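# Notes for the structure review
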Amino acid sequence: MRKLTIFLILLFFGFTPAYVKADGATYKGVKKCKTCHIKIYKTWKKTKHSKAFDQLKDAEKKDPKCIECHTTNNDPNLPGIHCEVCHGPGSKFSSAKIMNKKKYKANPELQRKLAVEAGLIIAPDEHTCKKCHNERSPHYKGFDFKKRYEEIKHKNK
Ligand code: HEC
Ligand code: HEC
Ligand code: HEC
Ligand code: HEC
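Residues numbered from 1 in each chain as written. Chains lettered and ligands numbered in written order. Predicted model: local features only at pLDDT ≥ 70, side-chain atom pairs only at ≥ 80, totals over all residues. Heavy atoms only, no water.

Here we take up the site of ligand 1. Looking at ligand 1, there are 17 residues lining it, with Cys33, Cys36, His37, Met99 and Arg112 nearest. The side chain of Arg112 places a nitrogen or oxygen atom 2.3 Å from an oxygen atom of ligand 1. For the shell around ligand 1, the secondary-structure elements that each account for two or more residues are helix 2 (30-34), helix 5 (83-87) and helix 6 (108-117). Element by element, the count of residues in the shell around ligand 1 is highest for helix 5, at three residues. Of the residues in the shell around ligand 1, the class split is seven nonpolar, six polar and four charged. (Near = heavy atom within 4 Å. Polar contact = N/O pair within 3.5 Å; in protein donor to acceptor, adjacent residues only side chain to side chain. Helix = DSSP H or I, 4+ residues; strand = E, 2+ residues; numbered from the N terminus. Nonpolar A, V, L, I, M, F, W, Y, C, P; charged D, E, K, R; others polar.)

In structure tokens form, the structure reads like this:
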């Protein structure tokens, strides 16, 4: 029993990967990101991702089978595909302690490192998209990442 306990403790502390600091991070919603990333917000707002929840009829808005892919983190209070669906839950990395232009002006790499440790996904890829753009979607018509990415990318930097 004691050995097992020690093993479990080791498993917990010893072998957990580096992203453990992001454990318990929660979703803040697009309003949080908007405060600093206003240009990207405006581009995003024009994509259908921002209105994905509006596609659902009233009953469907309560149907777990639909809200899974039409909200952020299964939460109808976060309707649509917010930033954090692709970039990770932001409660930790979006704090002004980490995402701070002045503080890290001389060392943006450190800022990036801290943000990633706090859960930021800098470069979402094909796998991120395919959580929703897949055969389980009633409206699936195939998904070509490169092509579809061009349609939603944050052009205005
Ligand atoms: C307090 C202001 C602030 C908030 C709030 C904020 N950011 Fe940032 N973010 C920054 C700054 C400053 C940078 C550094 C790069 C730059 O100057 O654009 C940055 C960088 C990033 C990067 C790029 C990292 C890189 O190195 O290329 C991503 C992605 C990002 N933020 C996503 C988000 C998301 C998603 C949210 C909301 C959950 C968010 N940010 C909230 C200020 C903020
Ligand atoms: C596995 C994820 C997933 C699930 C589950 C899902 N959807 Fe979607 N839905 C999508 C994606 C992705 C699109 C966008 C398709 C595209 O543009 O490639 C979409 C598009 C739509 C559209 C827009 C019409 C169209 O042709 O693009 C409607 C309406 C819709 N979904 C309704 C629903 C309803 C109702 C449910 C529940 C029965 C549901 N969806 C469940 C992912 C999903
Ligand atoms: C559907 C997924 C998705 C959503 C939603 C999304 N992004 Fe991104 N974001 C990406 C991808 C993909 C990249 C490009 C990464 C690369 O080029 O390596 C990116 C890049 C970025 C960057 C760094 C590069 C740049 O263009 O400046 C920032 C900052 C950023 N996103 C912020 C945001 C904010 C803020 C929101 C919400 C308003 C948001 N993103 C919504 C997928 C997404
Ligand atoms: C959480 C689920 C989800 C994820 C993850 C997701 N999408 Fe979507 N996407 C949707 C839904 C739902 C729609 C349909 C919205 C509508 O028709 O109103 C959609 C629509 C789109 C559209 C049509 C946008 C427009 O304005 O016409 C493109 C292009 C797209 N997604 C690309 C991507 C790419 C690229 C990624 C990954 C970087 C991605 N999506 C990640 C759910 C998702």
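The next point concerns the site of ligand 3. The full set close to ligand 3 counts 19 residues, and Cys83, Cys86, His87, Tyr149 and His154 are the nearest of them. His87 places a side-chain nitrogen or oxygen 2.8 Å from a nitrogen atom of ligand 3. At 2.9 Å from a nitrogen atom of ligand 3 is found a side-chain nitrogen or oxygen belonging to His154. Only helix 2, helix 3 (38-46), helix 5 and helix 8 (145-152) provide two or more residues apiece to the shell around ligand 3. Split into classes, the residues belonging to the shell around ligand 3 amount to 13 nonpolar, five polar and one charged.

Moving on: the coordination of the iron atom of ligand 4. The coordination sphere of the iron atom of ligand 4 contains the protein donors His49 (NE2) and His133 (NE2), at a distance range of 2.0 to 2.1 Å. In this structure His49 comes out as partly exposed when scored by relative accessible area, which is 23%. (Donors = N, O, S within 2.8 Å, 3.2 Å for Na, K, Ca; no water. Buried < 20%, exposed > 50% of the residue type's maximum accessible area, 1.4 Å probe, protein only.)

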